[in-house]
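Results of the structural survey
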Amino acid sequence: MRTINWFKYSSPASFYPLAGKLIPYFTVLAVVLTAVGLYMGFFVAPTDYKQGEGYRIMFIHVPAAWMSMFIYLVMAVYAGAGLVFNTRLSSMMASALAPTGALFTFLALWTGSFWGKPMWGAWWVWDARLTSELILLFLYIGFMSLKAAIDDPRRAARASGLLAIIGAINIPIIYFSVQWWNTLHQGASISITSGTSMEATMLTTLLVMSFAFWMYAIAVVLARVRCEILEAEGDTEWVAAQLGKGQ
Amino acid sequence: MLTALWWVVVRDLTLAMRRRADVLTTLFFFVIVVSLFPLGVGPEMNTLRLMGPGVVWVAALLASMLSLGRLFSADYIDGSLEQMILTPRPLAVLVLGKVLSHWLVSGVPLVLMAPLLGVQYGLSAQALGVLVVSLLLGTPVLSLVGAVGAALTLGLRGGGVLVSLLVLPLYIPVLIFGAGSVEASVTGLGAQAHLSLLGAILVPALVFTPWATGWALRISME
Amino acid sequence: MNWGSAGNFFAMGGYAFYVWGSYGVTALFLVLEIVLLVLRKRTITQRLGRRIRMRSEVKNEAQT
């Protein structure tokens, strides 16, 4: 059986065209899944017993929150790989993931706020999940700021990579401490999701929307890493060849 | 290895003593920030008593963070940091020495000052005691974790603000357990759990952060 | 889920502002992210295109 040489794709030059070929597939998947998810979210999932129609925000809030955390972990893994194996493409992937992850974190916070206002009467509630999301946003911003502040690309990639790993290790500690803080300070612990009873259709819609966001994220991150590769490798022969082909 | 640690601490303390002003400004910053909050919030003692531990702790975080710039920059500028990295001694030990002296010079004064400031907030003697213990356990973590941030941002423009951005999210668990311990003891829940958690953060921090800081220093100095 | 009428659908049982405020902002930012990426790609390809053309001109001049 022929073994695939995966390491062939660990150089920016060979990954660039591969990423370009993959993007359309993930885009199509994202569009289809989003359409299905939105249809299910608005026309299949029933009215909630306690929260009425307002709970439908959950179909964006929860997937965005899941993606924000998932992307950070993937980012930390790529950053770690870049540090350990000294592969530039790994660091570029980490750098490409950050803005999308930060965006999902922001959307989780925004939708969480818009969900909380009608349900709990306040635009912001200090529940454990929202507070942890806020801190996660700070971690993303820290990563992007550090990378932007260092001129030397190699030092920038390695320093921000180390920061990402440290952040990833701290996430469970932060989450635990925020949970602790939250339950001790409020007799009845407020939770954004505690108001809904999860019906089967709701759960399925959540999963579909999560996959939709995941496919979107992959497509966007692949597109962004292609930009990063061009910016880093601009003066090489293979780039001239690719651009000559109109890629 | 212990002699290396000892000599680093002695060196850094001697250097700090020659620049006493730097040390004192951190302390004064702490005092001023703590004194600002009542001016902003109003002198109602019950409100202040509730806020006190949190305010003192946040001020300690900020003061600690402001002093991080001094941790490596002087040595970086005059080249001794490079020498430290090149020596055969484990870099983690040298870092631990620098962090220890940073804590002695920036953290311990905060711990000693806190009871006086706590009185401004009407905290009881028991609360003040827990506050001091929590700061005693927490300020070393602030120095240890802050050192990683200082190492990552070595020599960068906008260093001070950038370090804050990187390091403050990582400080949050220490803040939560530190300030929470005082509140827990005041409300009768007992501070043991919070203080144990602070200790549980301190021990791994002592073991792992010097190594991470050493790694960060090598990255910054390449 | 039977909404009865388009009006009911858009009203979202009284939660219209919150539901559409959430879905709307999400759609807006996701589209924005894509647009910014397209612009970034365009900028870099144009810049690199110029540099490649300049280099090949220099090479041609050197050869003549």
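Reading guide: rules and limits
Residues numbered from 1 in each chain as written. Chains lettered and ligands numbered in written order. Predicted model: local features only at pLDDT ≥ 70, side-chain atom pairs only at ≥ 80, totals over all residues. Helix = DSSP H or I, 4+ residues; strand = E, 2+ residues; numbered from the N terminus. Rg over C-alpha atoms; globule rule 2.2 N^0.38 Å. Buried ≥ 20, exposed ≤ 12 C-beta atoms within 10 Å, placed from the backbone. Contact = placed C-beta atoms within 7 Å. Nonpolar A, V, L, I, M, F, W, Y, C, P; charged D, E, K, R; others polar. Core = buried A, V, L, I, M, F, W, Y, C linked by C-beta atoms within 7 Å. pLDDT = per-residue confidence, 0-100. Axes fitted to C-alpha atoms, helices over the stretch in contact; angles between N-to-C directions. Parallel < 35°, antiparallel > 145°, perpendicular 65-115°, else oblique. Left-handed = near helix turned anticlockwise from the far one by under 90°. Expected span 1.5 Å × (residues − 1). Bend = angle between axes of the 7 residues up to and from the residue.

Moving on to the overall build of chain B. If you tally the helices and strands in chain B, you get nine helices and zero strands. Reading the secondary structure of chain B in the N-to-C direction produces α-α-α-α-α-α-α-α-α. Taking 17 Å as the expected radius of gyration for a compact globule of 222 residues, we find that chain B reaches 18 Å, a close match to that expectation. When the backbone C-alpha atoms are referred to their principal axes, chain B occupies close to 55 × 30 × 30 Å. Relative to its 222 residues, chain B shows a buried fraction of 48%. Considering only intrachain contacts with a sequence separation of at least 6, the fraction spanning at least 24 residues in chain B is 81%.

Take the overall build of chain C next. For chain C, the helix and strand inventory stands at two helices and zero strands. For 64 residues, the compact-globule formula gives about 11 Å, and the C-alpha radius of gyration of chain C, at 25 Å, lies well above that figure. For chain C, the C-alpha atoms occupy an extent of roughly 80 × 20 × 15 Å along the three principal directions. Within chain C, the fraction of its 64 residues that count as buried is 12%.

Here the focus is the interface of chain A and chain B. On the side of chain B, 21 residues touch chain A, which itself brings 23 residues to the contact. Those elements giving two or more residues to the side of chain A that touches chain B turn out to be helix H4 (128–149) and helix H5 (153–185) of chain A. The greatest single-element share of the side of chain A that touches chain B, amounting to 14 residues, is contributed by H5 of chain A. Split into classes, the residues belonging to the side of chain A that touches chain B amount to 17 nonpolar, four polar and two charged.

Across the contact, 33 residues belong to chain A and 24 residues belong to chain C. When contributions to the side of chain A that touches chain C are tallied by element, the ones reaching two or more residues are helix H1 (12–44), helix H3 (88–120), helix H6 (200–233) and helix H7 (237–244) of chain A. It is H3 of chain A that contributes the most residues to the side of chain A that touches chain C, nine residues altogether. For the side of chain A that touches chain C, the residue count by class is 21 nonpolar, six polar and six charged.

For the rest of this paragraph, the subject is the arrangement of the chains. For the two pairs of chains in contact, the maximum contact count is reached by chains A and C. Between chain B and chain C there is no contact, and the shortest C-alpha to C-alpha distance separating them is 24 Å.

Before going further, it helps to examine the environment of Gln242 of chain A. Residue and element names in this part refer to chain A. In this structure, Gln242 sits in helix H7. The class of Gln242 is buried, set by 21 C-beta atoms lying within 10 Å. Distance in space between the C-alpha atoms of Gln242 and Tyr16 is 9.1 Å, their sequence separation being 226 residues.

Right, let's talk about the nonpolar core for a bit. One finds Met75 and Leu162 of chain A together with Ala216 of chain B to be the most contacted residues of the largest nonpolar core, which totals 154 residues. If you tally residues by element for this core, the top one is H6 of chain A, at 17 residues. Not counting chain neighbours up to four residues away, the residues in contact with Ala216 of chain B comprise Ala159 and Leu162 of chain A together with Val148, Ala151 and Leu152 of chain B.

To continue, consider unusual backbone geometry. The backbone of Asn86 of chain A shows a phi angle near 60°, a positive value even though the residue is not glycine. Positionally, Asn86 of chain A belongs in the loop between helix H2 (58–85) and H3. One non-glycine residue, Met12 of chain C, lies in positive phi territory at about 50°. You can see Met12 of chain C is positioned in the loop between helix H1 (6–11) and helix H2 (16–63). Residue Met12 of chain C is classed as buried on the basis of its 20 C-beta neighbours within 10 Å.

Here we come to the confidence of the model for chain C. In the predicted model, chain C carries a mean pLDDT of 88, and the fraction of residues at 70 or more is 100%. Taken over the whole predicted complex, pTM reads 0.91, whereas the ipTM for its chain interfaces reads 0.90.

The description of two helices packed together rests on the angle between their axes and the distance between the axes. Residue and element names in this part refer to chain B. At their nearest, the axes of helix H6 (residues 91–120) and helix H7 (residues 125–152) sit 8 Å apart, and the two run at 155° to each other. When the interaxial angle is binned, H6 and H7 end up roughly antiparallel. Crossing angle aside, the handedness with which H6 passes H7 is right-handed. Each of Val95, Val99, His102, Trp103, Ser106, Gly107, Leu110, Val111, Ala114, Pro115 and Gly118 in H6 lies in contact with H7, whose residues at this interface are Ala127, Leu128, Leu131, Val132, Leu135, Leu136, Thr139, Pro140, Leu142, Ser143, Leu144 and Ala147.

In a regular helix each residue adds 1.5 Å, so 30 residues correspond to 44 Å; helix H9 (residues 192–221) of chain B covers 42 Å between its end C-alpha atoms and thus fits that length. Taken as a whole, H9 of chain B carries its principal kink of about 40° at Ala205 of chain B.

Glancing now at the packing of H3 of chain A against H6 of chain A. All names here are of chain A. Running from N to C, H3 and H6 point in directions that differ by 130°, and their axes come no closer than 8 Å. Viewed along their axes, H3 and H6 adopt a mutual orientation that is oblique. Between H3 and H6 lies a crossing of right-handed hand. Taken together, the residues of H6 that come into contact with H3 (itself represented by Met92, Met93, Ser95, Ala96, Leu97 and Thr100) are Ala217, Val220, Val221, Arg224, Val225, Glu228, Ile229 and Ala232.

Mapped onto the elements of the fold, Ile60 of chain A is located in helix H2. Between the alpha carbons of Ile60 of chain A and Val208 of chain A there is a distance of 11 Å; along the sequence they are 148 residues apart. When neighbours within four sequence positions are excluded, Ile60 of chain A is seen to be in contact with Leu107, Thr111 and Met209 of chain A together with Ser22, Tyr23 and Thr26 of chain C.

The subject of this paragraph is the environment of Trp66 of chain A. By the secondary structure assignment, Trp66 of chain A is in helix H2. Placed 147 residues apart in sequence, Trp66 of chain A and Phe213 of chain A show a C-alpha to C-alpha distance of 9.6 Å.

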